[in-house]
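Observations on chain architecture
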Amino acid sequence: MAAAAEDGPAGKAPSAAALWREARNAAARARLEKSLPAVFPLPVLRHALSRPLVPPTPRLAVQSYWRHHILRADRLARALAAASGQPEGWTWRLGMGSPPDTRRRGKAGEDLSETALAEKGLAFSFRMPPAPFREAPYALGKGHCCICGQPVYRFGWHRDLWGTGAPNRNAAWHAACVTAWKFWIAPADHVKELKRRQGHRCAQSGKRLLRTAEVDHRVPLYRIWREERARPWPELLGYWGVGNLQVVNRAIHADKCAAEAGERASVRRRAAEPGAGDPAAGTE
């Protein structure tokens, strides 16, 4: 009986992978505890110690926390942007491509023409969220997040928990804003999280979401560029956030995309007629 017990699951020797993970996590916990400051966000520490692979440094613990709390990062990043507000004189515009051949270049081949500097940091598609603090004329420099414009503190945190009174001059992103930015530009990568938020029900039909379900913007981004670009910048970011995202089954998404393509084509035809306005208003 004893031999049978040893051969069963309870008496089975741990695998080489389990032994490696245990040794690795013991070393990571020791390194993390050694480098922890006296003040550290408790939810982040709890998250780090519960991971299958424990982050070995406080910075990696913060990054892991936000990667596993995507929707929270989205809300925080937009709240920080609202606290910064829209820079004076900024308008949402897109880059127009390479400047003329008469441009001047720096030592390392960097384009230093006025046109290039004015367009530095501009996105070339309206599908990218507007980010004024990434543009050269409005950049706040190191120590401030290039997404939300707020100061960045130790470990990429968004609040000065340590009372230093000064931002981290070696940082240009909040850890939360990094996660939010990746979410905004590639929401399809987070379809599982959005499915859970919707209770695994299609946002349009109410039926159960299939494995082939896809992420969709409720208000399409081309319409935001065409009709809403004059809105204040923090409000614009909401169209990339979770409030404008939905998961729908593929057939419904295909029908919606077809209707939107027809609508864009109609706008382009009207814009091309003699006496019409900006011909680029309805283009992608």
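Residue numbering note: each chain is counted from 1, following its sequence as written. In view of the model being predicted, local features appear only for residues whose pLDDT reaches at least 70, and side-chain atom pairs are presented and counted only at 80 or more, with totals across whole chains, interfaces and linings using the full set of residues. Computation of side-chain values: all heavy atoms of the structure, hydrogens and water removed.

1. Some words on the overall build of the chain
Heads up, the condition is: Put simply, DSSP marks the helices as runs of H or I at least four residues long and the strands as runs of E at least two long, and each gets a number from the N terminus on. For each residue, the accessible area found with a 1.4 Å probe, counting protein chains only, is set against the maximum for its type, and the residue is called buried under 20%, exposed over 50%, and partly exposed in between. Here, residues are in contact when the closest pair of their heavy atoms is within 4.5 Å. Surface exposure here means Shrake-Rupley accessible area, sampled with a 1.4 Å probe, where a residue is shielded only by the protein chains that are shown.
Looking only at helices and strands, one finds 11 helices and 2 strands in the chain. Counting from the amino terminus, the chain carries its helices and strands in the arrangement α-α-α-α-α-α-α-α-β-α-α-β-α. Buried positions account for 39% of the 284 residues belonging to the chain. By sequence separation, contacts in the chain at least 24 residues apart represent 62% of the contacts at least 6 residues apart. When the accessible area of the chain is evaluated, it comes to approximately 16300 Å², of which 54% is carbon and sulfur surface.

2. Focus on the confidence of the model for the chain
Selection rule: pLDDT measures how confident the predictor is about each residue, on a scale from 0 to 100.
Taken residue by residue, the chain gives an average pLDDT of 88. The fraction at 70 or more is 85%. Taken together, the stretch residues 1-8 has pLDDT below 50 and engages in 3 contacts with residues farther than four places along the chain or on a different chain.

3. Describing the pattern of salt bridges
Oppositely charged side chains can form a pair if their charged atoms are brought close together. Quick note on the threshold: Every case where a carboxyl oxygen of Asp or Glu lies within 4 Å of a side-chain nitrogen of Lys or Arg is listed as a salt bridge.
Applying the stated criterion across every chain, the model contains 9 salt bridges. One salt bridge connects Arg78 with Asp74, and the closest N-O pair in it is separated by 3.0 Å. Note that Arg78 and Asp74 are positioned in helix α5 (residues 70-84) at a spacing of 4 residues, about one turn of the helix. Owing to a relative accessible area of 22%, Arg78 belongs among the partly exposed residues under this scheme. Close ionic contact of Glu235 with Arg231 constitutes a salt bridge, the shortest N to O distance being 2.8 Å. For Arg231, a relative accessible area of 33% gives the class partly exposed.

4. Brief notes about unusual backbone geometry
The general pattern is negative phi for most residues beyond glycine and trans for most peptide bonds. A positive phi angle, close to 60 degrees, is found at Phe155, a residue other than glycine. Here Phe155 falls in the buried class, since its relative accessible area comes to 12%. Backbone geometry places His200, a non-glycine residue, at a positive phi of 60 degrees. Here His200 shows up in the loop between α8 (191-197) and β1 (214-217). Assessed through its relative accessible area of 31%, His200 is described here as partly exposed.

5. Considerations on the environment of Glu214
Tracing the backbone through its elements, the reader meets Glu214 in strand β1. Counting along the chain gives 19 residues from Glu214 to Lys195, while the straight-line C-alpha distance between them is 9.5 Å. Every residue in contact with Glu214, bar those within four places of it in the chain, is listed here: Gln246, Val247, Val248, Arg250 and His253.

6. Regarding the packing of helix α4 (residues 58-67) against helix α7 (residues 175-185)
Inclusion rule: Convention adopted: a line fitted to C-alpha atoms gives each axis, helices being fitted over their contacting stretch, and angles between N-to-C directions are expressed from 0 to 180 degrees. Crossing chirality is assigned from the near helix's rotation relative to the far helix, an anticlockwise turn below a right angle marking it left-handed and a clockwise turn marking it right-handed. Polar here means any residue outside two lists: the nonpolar Ala, Val, Leu, Ile, Met, Phe, Trp, Tyr, Cys and Pro, and the charged Asp, Glu, Lys and Arg; Gly therefore counts as polar.
As a packed pair, α4 and α7 sit with axes 9 Å apart at the nearest point and diverge in direction by 35 degrees. For the crossing formed where α4 meets α7, the hand is right-handed. From α4, Val62, Trp66 and Arg67 reach across to α7, where they touch Ala175, Ala176 and Thr179. Looking at the contact of α4 with α7, its residues break down into 4 nonpolar, 1 polar and 1 charged.

7. Description of helix α2 (residues 16-35)
Worth spelling out the cut-off: Helices are assigned an expected span. That span is 1.5 Å times one less than the residue count. The arc refers to the directions leading from the helix axis to the C-beta atoms.
Along its 20 residues, α2 runs 29 Å from first to last C-alpha, staying within 8% of the 28 Å computed at 1.5 Å per residue. For α2, the complete set of buried residues consists of Asn25, Ala28 and Leu32. An end-on view of α2 places all buried positions within 70 degrees of arc, on one side of the element. Facing away from the buried side of α2, by more than 90 degrees, are the exposed residues Ala16, Trp20, Glu22, Arg31 and Lys34. On the buried face of α2, the contacting elements are α3 (42-50) and α4.

8. Here's the deal with a positive patch on the surface
Here is the rule we go by: For patch building, the residue pool is restricted to those with more than 30% relative accessible area and no salt bridge; the joining distance is 9 Å between like charges and 5 Å between nonpolar side chains (Val, Leu, Ile, Met, Phe, Trp, Tyr). A positive count includes Lys and Arg, and a negative count includes Asp and Glu. His and the chain ends are not counted in either. In this description, the location of a charge corresponds to atom NZ of lysine, CZ of arginine, CG of aspartate or CD of glutamate.
Where like charges cluster on the molecular surface, the positive patch consists of Arg72, Arg75, Arg197 and Arg218. Its location among the elements puts Arg72 in helix α5.

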